[in-house]
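The lines below spell out each chain.
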Amino acid sequence: IYAEFYDSISGINWESVIISIIENNDTSAYTTGDIGFSFSGDTVYLNSELAGLTFPIGAVVEICVHAEDSPDYCDPNPLDSCWIFTVNDTVPPSAELIYPIPNAISACSLQTIMWIIDDNVGIDTSSVVVTIDGDTIHSGLVWYGDTLVYIPDTIWSEGVHTANLLTVLDNFENTLQEPIYLEFTMDLTPPSIIELYPPNGITITDTLADIIALLND
């Protein structure tokens, strides 16, 4: 944190300079002689690390500077100025497919799809984009803590399907780095008999006849 000063006539009284840090209703003031507080030319610096300052993600920090000039007579002219900054987050959300596994074969007619989505500052749930078989869905997504579940409202058709988690933003608009793609197959048809022996309804004389069924799925 630094501030550059200018006074064209009497000059700055550097002993008067105070930098105040206001965060979460707590104020810390620093001046000449404090660790991390230094001068260089017309600029005052406060080294946050040396001063023991740590600003959490999402913090709104107000910086106030007090300084006075150096007249020979009467009281000095004071400067009091403040500015505000916000500590941003740059860590993107992470996501993991939990269920079903890629290329799985499911016989669950209402097969659900589950992802775990995590972020250090929280997810903007309205930003989530999921496609089912190429179409963006607007219903059926339910949050359980950090778990996002797609619950279909109709039975899946038999065959290959895709479910893709394409977009997730956190509360600082960092985006999911890599989409999560899923392909799985629905199998809702039971096996069928192609051929069997002895054939249905016949009479045989072999008391040790083999029984054979040729099945297909």
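Shown above is the structure to which this text applies.
Residues numbered from 1 in each chain as written. Predicted model: local features only at pLDDT ≥ 70, side-chain atom pairs only at ≥ 80, totals over all residues. Heavy atoms only, no water.

K.L.:
Tell me what's going on with the overall build of the protein chain, and back it up with residues and numbers.
P.N.:
Check the secondary structure of the protein chain and you find zero helices and 18 strands. At 35 Å, the protein chain has a C-alpha radius of gyration far larger than the 17 Å of a compact globule built from 217 residues. Of all 217 residues assigned to the protein chain, the portion counted as buried reaches 29%. Intrachain contacts of the protein chain at a sequence separation of at least 6 include 60% that bridge at least 24 residues. Surface accessibility of the protein chain: about 13900 Å² in total, with carbon and sulfur atoms responsible for 52%. (Helix = DSSP H or I, 4+ residues; strand = E, 2+ residues; numbered from the N terminus. Rg over C-alpha atoms; globule rule 2.2 N^0.38 Å. Buried < 20%, exposed > 50% of the residue type's maximum accessible area, 1.4 Å probe, protein only. Contact = heavy atoms within 4.5 Å. Areas by Shrake-Rupley, 256 points an atom, 1.4 Å probe, with all protein chains shown as cover.)

K.L.:
So what's going on with the sheet that holds strand S16 (residues 183-186)? Which residues, and what values?
P.N.:
If you walk across this open sheet you meet the five strands as S9-S16-S15-S11-S12, and the pairing is mixed. Here the strands that pair on one side only, and so sit at the sheet edges, are strand S9 (105-106) and strand S12 (135-136). With two bridges connecting them, strand S11 (residues 123-132) and S12 associate as antiparallel partners. Bridging across to S12, Ile 132 finds its partner in Asp 135. (Pairing = 2+ DSSP bridges.)

K.L.:
How would you explain the nonpolar core if you had to name every residue and give the values?
P.N.:
Among the nonpolar cores identified, the biggest contains 20 residues, and Ile 113, Trp 115, Val 130, Ile 132 and Leu 165 are the most heavily contacted of them. Of all elements in the fold, only strand S10 (113-118), S11, strand S14 (147-150), strand S15 (159-170) and S16 reach the threshold of two or more residues within this core. With four residues, S11 is the largest single contributor of residues to this core. Not counting chain neighbours up to four residues away, the residues in contact with Val 130 comprise Trp 115, Asp 135, Thr 136, Ile 137, Leu 141, Leu 148, Asn 164 and Leu 165. Membership of the second largest hydrophobic core comes to 18 residues, among which are Val 17, Tyr 30, Val 65 and Val 87. (Core = buried A, V, L, I, M, F, W, Y, C linked by side-chain atoms within 4.5 Å.)

K.L.:
Please give an account of the sheet that holds strand S6 (residues 60-69) that cites residues and values.
P.N.:
Overall, antiparallel pairing links the four strands, which are arranged S3-S2-S6-S7 in an open sheet. The sheet is open, and its two edges are formed by strand S3 (26-31) and strand S7 (78-86), each paired on a single side. Taking each pair of neighbouring strands and ignoring which way they run, the sheet shows an average axis angle of 20°. The sheet contact formed by strand S2 (residues 12-23) and S6 spans eight bridges and is antiparallel. Residue pairing across strands places Ile 22 opposite Glu 62, the latter belonging to S6. (Axes fitted to C-alpha atoms, helices over the stretch in contact; angles between N-to-C directions.)

K.L.:
Can you tell me about the packing of aromatic side chains, naming the residues and giving the values?
P.N.:
For the structure on display, the rule yields seven aromatic pairs. With a centroid separation of 5.7 Å and an interplanar angle of 40°, the aromatic rings of Tyr 2 and Tyr 45 are classed as tilted. Pair noted here: Tyr 2 is in strand S1 (residues 2-4) and Tyr 45 is in strand S5 (residues 43-46), with a separation of 43 residues, a long-range link. Classification of Tyr 45 by relative accessible area gives partly exposed; the value is 34%. Arranged with centres 5.4 Å apart and planes meeting at 85°, the rings of Phe 37 and Phe 39 form a pair that is edge-to-face. Members of the aromatic cluster, joined through ring pairs, are Phe 5, Trp 14, Phe 37 and Phe 39. (Phe/Tyr/Trp six-rings, centres within 6.5 Å; stacked < 30°, edge-to-face > 60°.)

K.L.:
If you had to explain the pairing of S2 to someone new, which residues and values would you point to?
P.N.:
Inspection of the sheet shows S2 paired to S3 by six bridges, in the antiparallel sense. Along S3, the bridge assignment pairs Ser 20 with Ala 29. Connecting the antiparallel pair S2 and S3 is a turn made up of two residues, with Asn 24 showing a positive phi of about 55°.

K.L.:
Got a sec to walk through the state of the cysteines? Specific residues and values, please.
P.N.:
The final tally for this structure, using the stated rule, is one disulfide. Cys 64 shares a disulfide with Cys 82; S-S distance 2.0 Å. Taking the sign of the torsion about the S-S bond as the criterion, the disulfide between Cys 64 and Cys 82, at about 110°, is right-handed. Remark: Cys 82 occurs in strand S7 and Cys 64 occurs in strand S6; sequence separation between them is 18 residues. Here Cys 82 falls in the partly exposed class, since its relative accessible area comes to 43%. (Disulfide = S-S within 2.5 Å.)

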